[in-house]
Amino acid sequence: MILIFLFFSILDGGLSQLHFSVPEEQERGTVVGNIAEDLGLDITKLSARRFQTVPSSRTPYLEVNLENGALVVNERIDREEICRQTVPCLLHLEVFLENPLELFRVEIEVMDINDNPPSFPETDITVEITESATPGTRFPVENAFDPDVGTNALSTYAITTNNYFYLDVQTQGDGNRFAELVLDKPLDREQQAIHKYVLTAVDGGQPQRTGTALLVVKVLDSNDNAPTFDQSVYSVSLRENSPVGTLVIQLNASDMDEGQNGEIVYSLSSHNSPRIRDLFNIDSRTGRIEVTGEVDYEESSTHQIYVQAKDMGPNAVPAHCKVLVKLIDVNDNTPEISFSTVTESVSEQAAPGTVIALLSVTDRDSGENGQMTCELHGEVPFKLKSSFKNYYTIVTDGPLDREKAESYTLTVVAKDKGVPSLSTSKSIKVHVSDENDNAPRFMQSVYDVYVTENNVPGAYIYAVSAVDPDVGQNAYVTYSILECEIQGMSILTYVSINSENGYLYALRSFDYEQIKEFSFMVHAKDSGAPELTANATVNVIIVDQNDNAPSVIAPLGKNGTAREHLPRSAEPGYLVTRIVATDADDGENARLSYSILRGNELGMFRMDWRTGELRTARRVSSKRDPPHPYDLLIEVRDHGQPPLSSSASINVLLVDSVVEGRSGDRGSVKSKEGSLDLTLILIIALGSVSFIFLLAMIVLAVRCQKDKKLNIYTCMAGDSCCQCCSRQARGRKKKLSKSDIMLVQSTNVASTAQVPVEESGSFGSHHQNQNYCYQVCLTPESAKTDLMFLKPCSPSRSTDTEHNPCGAIVTGYADQQPDIISNGSILSSETKHQRTELSYLVDRPRRVNSSAFQEADIVSSKDSGHGDSEQGDSDHDATNRGHTAAACLSTFCLFDVYDSGLP
């Protein structure tokens, strides 16, 4: 019957111990016990939790059924073969489960059965006894040996009943029993020289087993004195691993006899086991016991040597003693490290305390030589944790980052406390498995991509790149474009991206004149779980090409030829016309220059290459035949690479006067009255708006005259007839904004035009809108005079100065004045030297190349010089009214304007 003892206790590190016992000699398949049931484990979950035995603890005698936890006999168990005389005879087995990790130590005690009878070394045992031996003399006999232990071991000896001897059974210090033959009655060799008895050895098993031998006692002639030892038991210490020949002890027995009867011979008695005879030897003449084999403390810590001494005389009686050899342990065994289970990889997101490996450390030495310390070598995010006795677990001790370290080599060092200390080490390699903990990262957060316009659709334009320090699918980055609209159309109609490598392609041919730049977002995501993403902004900047030729917008003519009139009396420098052209390109591609390509072979005209003004270079020859006009071909060329150009044809007709030329124009207009085209409709509309606007200014001027007195200022040193009215005659002067002035021509000298103008934003948003009125005098021949208006413009259009954000202003003075054109005529030099001031601003559309009015400012007319007296100004005006009528025939005038705001 199998005796099972279960000792279950929960110890540090989650390690428990079970104890089973099994008799030896059980048949294969005999169930010793059920580990799973005794531990209270769910048998159905053993496979899922990877129930298994620790490889280093496995034994061939026992086997664990990993499906149901049964512990069964795998092969014949012979306790005497496994443990010899060691008691108890134990087999150890470690089993563990995962998820969570649990370790159990199983101890199996092999129980002895009485399967071996005692036996004597020889079947015949001879003992020689002198006839002179006295009763009570003891004679040792050969010991019987029983490999069983405990109650099944040798128990006693018996001898055939007789009149001369009896047996005295004694117990040694190690529990072994031996018998001595005791003389009970004197012997007489002459009566009986040989005595034969049956010697029986009996064990204590049930049923008892016995062994017998024939004991032959020979009666010898007497030898009076037997050798004697100083001590019956000698105790010595011997270091283990002592070399062969090392002296154990020097025995010295004495014999009072002389001659051969006193000459002593030493020998190992028959009580010694064969192992003792292998390890030690005694010199028969000197009694010197030496080491002849390898003495190992771990095999046995003590040895008992039985020695007998016998003289050389006849009928010698031997003397016996025992030598107890105690071995001293030497630190000759290094610690042993055995890994039971190892996790090859651990997630970089594993929590601190995650078990990586289970190991055990043993040392066969004893005492301090067998005491060990164990540690984990190096600076690693792991630590060694003691679990149970000599068991340890390696657990994580901090965060892991695969991007910093892909794997760790963990070296466990075990060191004992012996002198000198012995150590051993064992390493395992643990890989850190990747987790998707890093989002893709673009090399730049913003990409500026320059694309030349007129590109080929589908052309490669740039490559964005995002990196992900993870590996595998966690580092596989794909690219896409986030949906948005550009000019009402999806960005996906403009560009595309290769999802694998981030290459950007243009899906259409870009036109700088339609779109100058646009932006979109590139989205990068990895293939991990969950997906991590990143965005980057891509600014696509279209680079202009010189793909647009200049376009002439003025002057316009029929069939591409413009007609202009040139009076025969025109002075050199007379402005014939101004060529106005635009270029849809930008920068140098839109900077234009003008030249006369053909028709100016006689040098009659000169062209300003920057402004496009066509002027006379000399007087018209009197011999020139009027019916033969000047046919000029004007070329407008940009500065791009390569440059592009366009041309305009101008037919210049000679006329006697400007009025004649205009009459001819009116005649041509009358011939066209029959065709009501779009131009006529636009002229009618503009005329209607101008009439209504003029009417409003007249009403405003009347109100001004009723409320305030007129302040009259001299416009051109007393020659001007211009007047102006303001809401405050004595108010502080205010500088005009370019958007505050508009010149309107008058049909007669005496007429005035009152123009309401709102105050520009340049005066500040805290002012209220105020009305201003201006009086402008023009000659009757000014029907074709161009009207120029000051308009507001976008601040981004100009970078000149703070006071001139969007245009150019030209101011003329007596010393340095440009030619002033009035009705197509150049003013006389006397008029130029008068104190006239001409201010005007040309608000030019973008890319109209004209620099004639750059670098100037608006100049206000000066005070009349009569102080603040309104009456004085009125008198001065009345006095000079007659003179100003003539002066107004040849010039414009602009007046000082006063606002009604506070100082």
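We now turn to the structure provided with this report. Quick caveat, the model's predicted, so the values are computed rather than measured.

What follows covers the environment of Leu556. Position of Leu556 among the secondary structure elements: in the loop between β43 (551-554) and β44 (561-567). Classification of Leu556 as exposed rests on a relative accessible area of 70%. Separated by 92 residues in the primary sequence, Leu556 and Ala648 have C-alpha atoms spaced 9.1 Å apart.

Taken in spatial order, the 4 strands of this open sheet run β33-β42-β41-β36, and their pairing is mixed. The sheet terminates laterally at β33 (446-452) and β36 (478-481), the two strands that pair on one side only. Neighbour to neighbour, the strand axes of the sheet diverge by 30 degrees on average, direction disregarded.

The tally for this structure, following the rule as stated, stands at 1 disulfide. In this model, Cys83 is linked to Cys89 through a disulfide, with the two sulfur atoms separated by 1.8 Å. Across the disulfide from Cys83 to Cys89, rotation about the S-S bond amounts to roughly 65 degrees, and the bridge is consequently right-handed. The pair Cys83 / Cys89 is uniform in exposure class, with both members buried.

For strand β24 (residues 336-342), the tally of buried residues reaches 5 of 7 residues, placing the bulk of the element in the interior. Pairing of β24 with strand β26 (residues 355-362), which is carried by 6 bridges, proceeds in the antiparallel orientation. Bridge pairing in β26 places Phe339 opposite Leu359.

Read from one edge of the open sheet, 4 strands run β44-β51-β50-β47, paired in mixed fashion. At either margin of the open sheet sits one strand with a lone partner, and together these are β44 and β47 (592-598). Put simply, the sheet's adjacent strands are angled 30 degrees from each other on average, direction ignored. In this structure, β47 lies alongside strand β50 (residues 630-638), joined through 6 bridges in antiparallel fashion. What sits directly across from Ile596, in β50, is Ile634.

Counted as a void, the second largest pocket has a volume near 1700 Å³. Along the walls of the second largest pocket sit 44 residues, with Gln85, Phe145, Asp174, Asn176 and Ser273 positioned nearest its centre. Of all elements in the fold, only α2 (79-83), α3 (274-279) and β22 (302-311) reach the threshold of two or more residues within the lining of the second largest pocket. Grouping the constituent residues of the lining of the second largest pocket by class yields 17 nonpolar, 16 polar and 11 charged.

Inspection of the secondary structure assignment puts Ser269 in the loop between β19 (264-268) and α3. When sequence neighbours within four positions are dropped, the list of residues in contact with Ser269 reads Arg277, Tyr306, Val307, Gln308 and His320.

The next point concerns the pattern of salt bridges. As enumerated under the stated definition, the model contains 23 salt bridges in all. Lys525 is paired through a salt bridge with Glu531; the nearest N and O atoms lie 3.9 Å apart. Among the residues examined, Lys525 registers a relative accessible area of 31% and is labelled partly exposed.

Time to look at the environment of Met604. Assignment of secondary structure puts Met604 in the loop between β47 and β48 (605-607). Judged by relative accessible area, Met604 falls into the buried class, the value being 1%. The spacing of Met604 and Val620 is 16 residues in sequence and 7.7 Å in space, taken between C-alpha atoms. In this structure, Met604 is in contact with Leu566, Arg615, Thr616, Ala617, Arg618, Arg619, Val620 and Tyr630, ignoring residues within four places of it in sequence.

This brings us to the nonpolar core. Formed by 29 residues in total, the largest nonpolar core has its most connected members in Phe442, Val464, Tyr479, Val495, Phe518, Phe520 and Val538. Looking at this core, the elements with two or more residues in it are β33, β36, β39 (495-497), β40 (503-506), β41 (517-525) and β42 (533-543). Considering each element in turn, this core owes the most residues, 5 residues, to β42. Setting aside residues up to four positions removed in sequence, Val538 forms contacts with Tyr447, Val449, Val464, Leu504, Phe518, Ser519, Phe520 and Val522.

In terms of backbone geometry, most residues other than glycine have negative phi values and most peptide bonds are trans. For the bond running from Val87 to Pro88, omega is -5 degrees, close enough to zero to count as cis. Mapped onto the secondary structure, Pro88 falls in the loop between α2 and β6 (90-97). Residue Pro642 follows Gln641 across a cis peptide bond; omega there is -5 degrees. Even without being a glycine, Glu25 presents a positive backbone phi close to 65 degrees. For Glu25, a relative accessible area of 27% corresponds to the partly exposed category. Its identity as a non-glycine residue notwithstanding, Asn241 has a phi of 65 degrees, on the positive side. By secondary structure assignment, the location of Asn241 is in the loop between β16 (233-239) and β17 (247-250).

So, how was this worked out
- Residues numbered from 1 in each chain as written.
- Predicted model: local features only at pLDDT ≥ 70, side-chain atom pairs only at ≥ 80, totals over all residues.
- Heavy atoms only, no water.
- Helix = DSSP H or I, 4+ residues; strand = E, 2+ residues; numbered from the N terminus.
- Buried < 20%, exposed > 50% of the residue type's maximum accessible area, 1.4 Å probe, protein only.
- Pairing = 2+ DSSP bridges.
- Axes fitted to C-alpha atoms, helices over the stretch in contact; angles between N-to-C directions.
- Disulfide = S-S within 2.5 Å.
- 1 Å grid on protein atoms, 1.4 Å probe; cavity = no way out; pocket = protein on both sides within 12 Å on 5 of 7 lines; lining within 4 Å.
- Points joined across faces, edges and corners; volume = space filled by probe spheres on them.
- Nonpolar A, V, L, I, M, F, W, Y, C, P; charged D, E, K, R; others polar.
- Contact = heavy atoms within 4.5 Å.
- Salt bridge = Lys/Arg side-chain N within 4 Å of Asp/Glu carboxyl O.
- Core = buried A, V, L, I, M, F, W, Y, C linked by side-chain atoms within 4.5 Å.

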